[in-house]
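# Remarks on the overall topology
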Amino acid sequence: MSSCSSRALTILSTVFGACGLLLVGVAVSTDYWLLMEEGIVLQQNQSMEVKMALHSGLWRVCFVAGTENGRCVASEYFTEPEIEITTENTANILKMVRTATPFPMVSLLFVFTAFVISNIGHIRPQRTILAFVSGIFFILSGLSLVVGLVLYISSINDEVMNRPREPEQFFNYHYGWSFAFAASSFLLKEVSICPREPYI
């Protein structure tokens, strides 16, 4: 393999690894994984009145409509009596998504380790074992993150499926940009393994 193509692979690997690390870091630290909205349908004009809207991350829940408007609380405290959640299903969704929280954190730790080892390997190219070890950490980071994303989605879907269907009430949810950053980070971390020299 020529030194030119080897250098290009090294740069690509570093860029993909850095982007994966940055995206998962931003995803873990921000509050826009899930956006939810609840309210009632007004029968007279078929309009909707929002009773509660919030966005949540792995650590905080922030209310953007309803009686708690403008308030952010740590996710482990959102079930306090003074926090008014419109329905039990919404409270259950917020409880269940906490089961996925450790996986993105472990993924962040693994991708940071992989990035450091990878860059040391680029500085010392004769130590090919470092490229191999960093590749393993990138894979473990991606697997940890995808397990967390699957748990996150399935816990939400389970609660939404169990939600009673009442025509006078509406409930909307969608995933936010923090979730999209985490999913993009998974792809970048797995791609960062590909542009490397063979371990010989």
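Worth saying up front: this structure is predicted, and the values here are computed from it rather than measured. (Residues numbered from 1 in each chain as written. Predicted model: local features only at pLDDT ≥ 70, side-chain atom pairs only at ≥ 80, totals over all residues. Heavy atoms only, no water.)

Counted according to the given criterion, the structure contains one salt bridge. For Arg 60, the salt bridge identified is with Asp 31, shortest N-O distance 2.4 Å. One end of the pair, Arg 60, is in strand S3 (residues 60-65); the other, Asp 31, is in the loop between helix H1 (3-29) and strand S1 (34-42), and 29 residues separate them in sequence. Of the residues examined, Arg 60 reaches a relative accessible area of 37% and is grouped as partly exposed. The buried category is assigned to Asp 31, whose relative accessible area is 9%. (Salt bridge = Lys/Arg side-chain N within 4 Å of Asp/Glu carboxyl O. Helix = DSSP H or I, 4+ residues; strand = E, 2+ residues; numbered from the N terminus. Buried < 20%, exposed > 50% of the residue type's maximum accessible area, 1.4 Å probe, protein only.)

This part is about the pairing of S3. Pairing between S3 and strand S4 (residues 72-74): three bridges, direction antiparallel. Residue pairing for S4: Cys 62 is matched across the bridge by Cys 72. Turn length for the S3-S4 hairpin, with the two strands adjacent in sequence and antiparallel, is six residues, and the turn residue Gly 66 shows positive phi of about 95°. (Pairing = 2+ DSSP bridges.)

Turning our eyes to something else, we now look at the state of the cysteines. Here the structure, examined in full by the defined rule, presents one disulfide. The disulfide bridge from Cys 62 ends at Cys 72, spanning 2.1 Å between sulfur atoms. Its S-S torsion of approximately 115° makes the covalent link between Cys 62 and Cys 72 right-handed. A residue pair is termed long-range when its members are at least 10 positions apart, and Cys 62 in strand S3 and Cys 72 in strand S4 qualify at 10 residues. You can call Cys 62 buried: its relative accessible area is 3%. (Disulfide = S-S within 2.5 Å.)

Further remarks concern the UniProt feature "transmembrane region" (unreviewed entry) in the protein. The UniProt record annotates "transmembrane region" (unreviewed entry) at residues 103-122 and 129-153. In residues 103-122, helix accounts for 100% and strand for 0%; the two terminal C-alpha atoms are 28 Å from one another. Counting secondary structure, residues 129-153 comes out at 100% helix and 0% strand; the distance between its end C-alpha atoms is 36 Å. (UniProt positions renumbered as here; feature names shortened; annotations may be inferred.)

On to the side chain of Glu 159, then. One can find Glu 159 in helix H4 (residues 128-161). What Glu 159 contacts, discounting residues up to four positions off in sequence, is Asn 89, Asn 92, Ile 93 and Met 96. (Contact = heavy atoms within 4.5 Å.)

Attention shifts here to the side chain of Ser 185. Structurally, Ser 185 can be placed in helix H5 (residues 177-191). Side-chain polar atoms of Ser 185 contact the backbone oxygen of Gly 20, separated by 2.8 Å. For Ser 185, the contacting residues outside a window of four places in its chain are Gly 20, Leu 23, Val 24 and Leu 145. (Polar contact = N/O pair within 3.5 Å; in protein donor to acceptor, adjacent residues only side chain to side chain.)

The next point concerns the nonpolar core. Burial of nonpolar side chains together is a common tendency in soluble globular proteins. Within the largest apolar cluster, 29 residues are counted, with the highest numbers of intra-cluster contacts made by Trp 33, Met 36, Leu 54, Ile 93, Tyr 152 and Ile 156. Among the elements of the structure, H1, S1, strand S2 (47-56), S3, helix H2 (88-96), helix H3 (102-123), H4 and H5 are those that each provide at least two residues to this core. Among the elements that take part in this core, H4 stands out by supplying six residues, more than any other. With residues up to four places along the chain from it excluded, the contact list for Ile 156 reads Leu 34, Ile 93, Val 97, Tyr 173 and Tyr 175. (Core = buried A, V, L, I, M, F, W, Y, C linked by side-chain atoms within 4.5 Å.)

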